[in-house]
Amino acid sequence: MEILLSTGNWPPKAWVEGLSKSNLVSAVHVWPTESDLSNVEVLLVWKPLPAGIIELLPNLKFISSIGAGVDHLLGDSQIPLDLPVARIVDERLTGDMTNYVMMAVVMHQRNLLHVLENQKQAKWERHHYPNLRVGVMGLGELGGHLARTLSGAGFEVSGYSRSSKQIDRVATFNGADRSEFLKDLDVLVNLLPVTSETENILNKDLFGQIKPGAFLINVARGAHLDEMDLLDALEKGIISRAMLDVFKEEPLPSDHPFWGHPKITITPHIASVTTPASAMKLVLENCRRLRDGEKFLHLVDLQRGY
Ligand code: NDP
Ligand code: OXD
């Protein structure tokens, strides 16, 4: 079968090499291309979805995001509603996200930024550190793993999702319980997908419900965060500090007020990056399922939006 690959700003080389080794794959085209795409059955795409690409693919049977998120696909009217769309669920992607958030939580708990400042002045200042209650919004593939790992590492953990969940040693909340979930948190981690219900969910209403002085970690999408509301909450001390990996506009413009903000730590959307060698196994398994007429793995529910 023929595959069209559109990796956005990421180099396509590792995908092309890996996919080309499979007996299932007869050609891998890399977008942008002038070649004949009329036999392409599979589109593998990271953001953005190139304008007009779908109409060049009359034989398209299946789309897969190159990441866990699909907001770049579902928000696009080019995608026919009857086409199966899948996303990446991968051990490496999950483990990397958990490691990133664990790093951020432990840095905050140990006040590491302050310790690094002290080093500049050769200042030896020891301190006790508290245990923290960490709240994870979104208890799916990534949030669920994170909540279990945090709990295993000795943190007190709460979790929030759409449907109700039971996770060992994690206090779980859903739907209308949001204020109960938020009120005791020292740290809030956002791992929700972007949908019409979750867009701008990190706003002044939510900040008004959280324990004053909480630390915010946004590793899901910039579309979840009302940027002005965060600046205001930081100014008032409602949020003590924020660690942000994702932004409404990426790359974050060089004149954006977040860059120089003393209470914001920025990383460039690297909390967890799809590793082609690892994620390829799932993509090829779905190609096999396409060939054999079997149900795809990790399909997105287009109505629900994730
Ligand atoms: P999943 O689809 O597996 O999990 C989503 C979770 O969010 C589910 O628990 C779901 O609830 C919950 N949820 C959805 N809508 C609501 C709502 N309205 N209210 C409360 N809870 C809700 O997604 P993943 O865990 O795989 O990924 C999450 C997001 O992480 C991705 O969409 C992507 O945007 C982001 N991401 C960021 C990366 C980075 O490097 N910064 C890397 C990878 C992903 P329920 O269980 O009840 O359905
Ligand atoms: C993803 C991402 O969704 O890297 O996988 O943001």
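Above this note sits the structure.
For the structure given in this document, a descriptive report is provided here. These figures come from a predicted structure and were not determined experimentally.

Below, the discussion takes up the side chain of S161. Structurally, S161 is set in strand β7 (residues 156–161). We classify S161 as buried; its relative accessible area is 7%. Residues within four places of S161 in sequence aside, it is in contact with L139, F173, N174 and G175.

Looking now at a nonpolar patch on the surface. A grouping of L112, L113, V115 and L116 is seen on the molecular surface, where their side chains present a nonpolar patch of about 270 Å² in accessible area. Relative to the helices and strands, L113 resides in helix α4 (residues 112–120). Using a relative accessible area of 33% as the deciding quantity, one classes L113 as partly exposed.

Before going further, it helps to examine the nonpolar core. Counting 28 residues, the largest nonpolar core has L188, L230 and F258 as its most contacted members. Broken down by secondary-structure element, the contributors of at least two residues to this core are α6 (178–182), α7 (204–209), β10 (214–218), α8 (227–236), β11 (239–244) and β12 (264–266). Tallying contributions element by element places α8 first for this core, with four residues. Once residues within four sequence positions are removed from consideration, F258 is found in contact with L225, E227, L230, L231, L244, F247, L252, I264 and I266.

Spatially, β2-β1-β3-β4-β5 is the arrangement adopted by the five strands of the open sheet, whose pairing is parallel. The sheet terminates laterally at β2 (27–30) and β5 (85–86), the two strands that pair on one side only. Judged from the four bridges that link them, strand β3 (residues 40–45) and strand β4 (residues 62–65) form a sheet pairing that is parallel. Within β4, the residue paired with L43 across the bridge is I63. Packing against the sheet, helix α1 (residues 13–20) makes contact with β1 (2–6), β2 and β3, and its axis sits at approximately 165° to β2. Contacts from helix α9 (residues 276–292) reach β1, β3, β4 and β5 within the one sheet, and its direction differs from that of β3 by about 155°.

Attention now moves to the site of ligand 1. Around ligand 1, the structure places 30 residues, and the nearest of them are R87, S163, K165, V219 and Y306. Here a nitrogen atom of ligand 1 sits 2.9 Å away from a polar atom, N or O, in the side chain of E197. A distance of 3.3 Å separates an oxygen atom of ligand 1 from a polar atom in the side chain of R221. In the complex, 92% of the free accessible area of ligand 1, which totals 940 Å², lies under the protein chains. Mapped onto the shell around ligand 1, the elements with two or more residues apiece are α5 (141–152) and β7. No other element matches the three residues that α5 contributes to the shell around ligand 1. Grouping the amino acids of the shell around ligand 1 by side-chain chemistry returns 13 nonpolar, nine polar and eight charged. Each of domain 1 (2–90 + 274–292) and domain 2 (91–266) accounts for three or more of the residues forming the shell around ligand 1.

Rules of the game
Residues numbered from 1 in each chain as written. Chains lettered and ligands numbered in written order. Predicted model: local features only at pLDDT ≥ 70, side-chain atom pairs only at ≥ 80, totals over all residues. Heavy atoms only, no water. Helix = DSSP H or I, 4+ residues; strand = E, 2+ residues; numbered from the N terminus. Buried < 20%, exposed > 50% of the residue type's maximum accessible area, 1.4 Å probe, protein only. Contact = heavy atoms within 4.5 Å. Patch = residues over 30% accessible without salt bridge, like charges linked within 9 Å, V, L, I, M, F, W, Y side chains within 5 Å. Areas by Shrake-Rupley, 256 points an atom, 1.4 Å probe, with all protein chains shown as cover. Salt bridge = Lys/Arg side-chain N within 4 Å of Asp/Glu carboxyl O. Core = buried A, V, L, I, M, F, W, Y, C linked by side-chain atoms within 4.5 Å. Pairing = 2+ DSSP bridges. Axes fitted to C-alpha atoms, helices over the stretch in contact; angles between N-to-C directions. Near = heavy atom within 4 Å. Polar contact = N/O pair within 3.5 Å; in protein donor to acceptor, adjacent residues only side chain to side chain. Nonpolar A, V, L, I, M, F, W, Y, C, P; charged D, E, K, R; others polar. Domains from an automatic or database assignment.

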